[in-house]
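# Inside the fold
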Amino acid sequence: MSKAKKKIVCFIDSFTSGGAQKQMVMLVNGLHLLGIGEVQTLQYYDIDFFAQEIDPAVKRNKIIFKNKLKSVFEIICFFAKEEPDVIISFLHGPNNYAALYKLFFFWRKINLIVGERNLDIKPLGIKGLFLRISHFFANSIVCNSDAQRKLLSIYYANSKLKFIPNGTKFNHKYFSSVNQNKNGVIKLIVPARFVSQKNPLGLLKAIKDLPDVHVYWHGEIFKEFSIYENCSRFINENSIRNFHFKPSTKDIYKELIKYDALILPSFYEGCPNAIIDAMYCGLPVLASDVSDNLIYLKHQNELIFDPHNIVDITNKIQIFASLSNKRLQEISDQNKKSARYFFDYKKMINNYTKLMK
């Protein structure tokens, strides 16, 4: 890294309750604390769930979408005026708008670092490649899962592709106590937005005949989405009383330790914050065999399932309910150890700074 401080813009759609937004906040704060440059943010939706977590010394910019064409023009003008040395963008929209700026101002030395946050469940077709036009102009494509890096290596140069897992700060004192009451209720937490990707209907079907297993879904709900309507209908038709909706929370660690385990039945993932946070707390994790999950959770692979197989999800929940306290303690200890190895916050920040050289 040169001694001259760099001008860095971290660009994302909003600071809503999603995993990409949470990671962007940590990246912004980490780069700011390192003092390697002047860090500021840019967003185009006025949603600020995580925004209060951003260091107040970091300048925040908003260009709120009203007329899309005009707003994209304003974004390009923003970059033209600010002349950042580095743009770090997450998600396809911000990635592509940043790439447009780099294309229109091709004579400027712009280090564009774009992020891949979710593993695609199908090979990229024309639409998938079109969504990633930014990748052809990017200096680096950061994948938060090695599975995504391997998938994209078919289409993009390996020299561009970088694997940087999500990070988390190991600075709290909330840790799970594994003392499961076999005669009581099993309480499972799902900290995720209520969307089709997370497979809530599959989970509902899996627990339908398990009255002693209660699921608590902590996350943003989109009542206009068909998945919410379908799940509500299923709940009503089957008189399900062991599925509970809970609001999103910024202090997820405080919530996690109230439960016996986390379950994440997603059809696809990148590097899920839910699993990282649960592992750090020492919570056992029931999860889909997608993306890199089995790499991080191989020490408790008896709890990994096929998200498309309802019977398998049910069986793994029942296996969890039958585990001894000794086995639960082994899982808890290894989860904490693995989280510190794979998801070290400082390691994530340092890996991004290497891309700025």
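Residues numbered from 1 in each chain as written. Predicted model: local features only at pLDDT ≥ 70, side-chain atom pairs only at ≥ 80, totals over all residues. Heavy atoms only, no water.

### Re the overall build of the chain
A tally of helices and strands in the chain yields 14 helices and 13 strands. In terms of overall dimensions, the chain is globule-like: its C-alpha atoms have a radius of gyration of 21 Å, near the 21 Å expected for 357 residues. When each of the 357 residues of the chain is scored for burial, the buried share is 55%. Of the contacts made within the chain by residues no fewer than 6 positions apart, 72% connect residues no fewer than 24 positions apart. By element, 53% of the accessible surface of the chain is carried by carbon and sulfur atoms, the whole surface being about 16300 Å². Between the averaged position of the 49 positive side-chain charges in the chain and that of its 32 negative side-chain charges there is a distance of 5 Å. (Helix = DSSP H or I, 4+ residues; strand = E, 2+ residues; numbered from the N terminus. Rg over C-alpha atoms; globule rule 2.2 N^0.38 Å. Buried < 20%, exposed > 50% of the residue type's maximum accessible area, 1.4 Å probe, protein only. Contact = heavy atoms within 4.5 Å. Areas by Shrake-Rupley, 256 points an atom, 1.4 Å probe, with all protein chains shown as cover. Lys, Arg positive; Asp, Glu negative; His and termini not counted. Charge placed at Lys NZ, Arg CZ, Asp CG, Glu CD.)

### Focus: the side chain of E255
Turning to its location among the elements, E255 is positioned in helix α9 (residues 252–256). According to the relative accessible area criterion, E255 is buried, its value standing at 18%. If sequence neighbours within four positions are ignored, E255 has contacts with I189, H218 and T249.

### Describing the side chain of D292
Inspection of the secondary structure assignment puts D292 in the loop between β12 (285–288) and α11 (293–296). An unpaired buried charge is present at D292: no salt bridge exists, and K150, the closest side chain of opposite charge, is 6.7 Å distant. If near-sequence neighbours (up to four positions away) are discounted, D292 is found in contact with S145, D146, A147 and F163. (Salt bridge = Lys/Arg side-chain N within 4 Å of Asp/Glu carboxyl O.)

### Some words on helix α3 (residues 92–104)
The end-to-end C-alpha distance of α3, which contains 13 residues, comes to 18 Å, matching closely the 18 Å that a straight helix rising 1.5 Å per residue would cover. Within α3 the residues assigned to the buried category are P94, N95, N96, Y97, A98, A99, Y101 and K102. In this fold, the buried residues of α3 make contact with β1 (6–11), α2 (68–82), β4 (86–90), β5 (111–116), α4 (126–131) and α5 (134–137). (Expected span 1.5 Å × (residues − 1).)

### Examining the packing of helix α7 (residues 200–207) against helix α8 (residues 226–237)
Interaxial distance between α7 and α8 falls to 9 Å at its minimum, and their mutual angle equals 15°. Here α7 is positioned roughly parallel relative to α8, judged by the angle of their axes. Note on packing geometry: the crossing formed by α7 with α8 is right-handed. Of the residues in α8, those in contact with P200, L201, L204 and K205 of α7 are I227, N230, C231, F234 and I235. For the contact of α7 with α8, the per-class residue count stands at seven nonpolar, one polar and one charged. (Axes fitted to C-alpha atoms, helices over the stretch in contact; angles between N-to-C directions. Parallel < 35°, antiparallel > 145°, perpendicular 65-115°, else oblique. Left-handed = near helix turned anticlockwise from the far one by under 90°. Nonpolar A, V, L, I, M, F, W, Y, C, P; charged D, E, K, R; others polar.)

### Some words on the sheet that holds β5
Strands sit in the order β3-β2-β1-β4-β5-β6-β7 across an open sheet of seven strands; the sheet is parallel. In this open sheet, the two strands that pair with only one neighbour each are β3 (59–62) and β7 (161–163). The sheet shows a mean angle of 25° between the axes of neighbouring strands, direction not considered. As paired elements, β5 and strand β6 (residues 140–143) share four bridges and run parallel to each other. The partner of G115 across the bridge, within β6, is V142. (Pairing = 2+ DSSP bridges.)

### Quick word on helix α1 (residues 19–34)
In a regular helix each residue adds 1.5 Å, so 16 residues correspond to 22 Å; α1 covers 23 Å between its end C-alpha atoms and thus fits that length. Those residues of α1 that fall on the buried side of the exposure criterion are A20, Q21, K22, Q23, M24, V25, M26, L27, V28, N29, G30 and L31. Contacts made by the buried residues of α1 are with β1, β2 (37–43), β4, α9, α10 (273–281) and α14 (345–354). Positive phi appears at G35, one or two residues downstream of α1, with a value of about 70°.

### Remarks on the packing of aromatic side chains
The geometry of an aromatic ring pair is captured by the separation of the ring centres together with the interplanar angle, meaning the angle of the planes. This structure, assessed with the given rule, holds 28 aromatic pairs. Geometrically, the ring pair formed by Y44 and Y45 is edge-to-face, given 4.9 Å between the ring centres and 70° between the ring planes. On the accessibility criterion, Y44 (5% relative accessible area) is buried. Three or more aromatic residues joined by ring pairs form one cluster here, namely F11, Y44, Y45, F65, F78, F79, Y97, Y101, F105, F106 and W107. Of note, R117 hangs over the ring of F90, and the distance from its end group to the ring centre comes to 4.1 Å. (Phe/Tyr/Trp six-rings, centres within 6.5 Å; stacked < 30°, edge-to-face > 60°. Lys NZ or Arg CZ within 6 Å of the ring centre and 35° of its normal.)

### Observations concerning the sheet that holds strand β10 (residues 243–246)
Spatially, the six strands line up as an open sheet ordered β10-β9-β8-β11-β12-β13, and their pairing is parallel. Each having just a single partner strand, β10 and β13 (304–305) make up the two edges of the open sheet. Across four bridges, the pairing between strand β9 (residues 213–218) and β10 is parallel. Residue W217 lies in a different strand from β10, and its bridge partner there is F245.

### Structural notes on unusual backbone geometry
With a phi angle near 50°, E83 is a residue other than glycine that sits in the positive phi range. Its location among the elements puts E83 in the loop between α2 and β4. With a relative accessible area of 47%, E83 lands in the partly exposed category. Of note in the backbone geometry, L91 takes a positive phi value of approximately 85° without being a glycine. Within the secondary structure, L91 sits in the loop between β4 and α3.

Without other data, these values stay purely geometric and don't point to any function.
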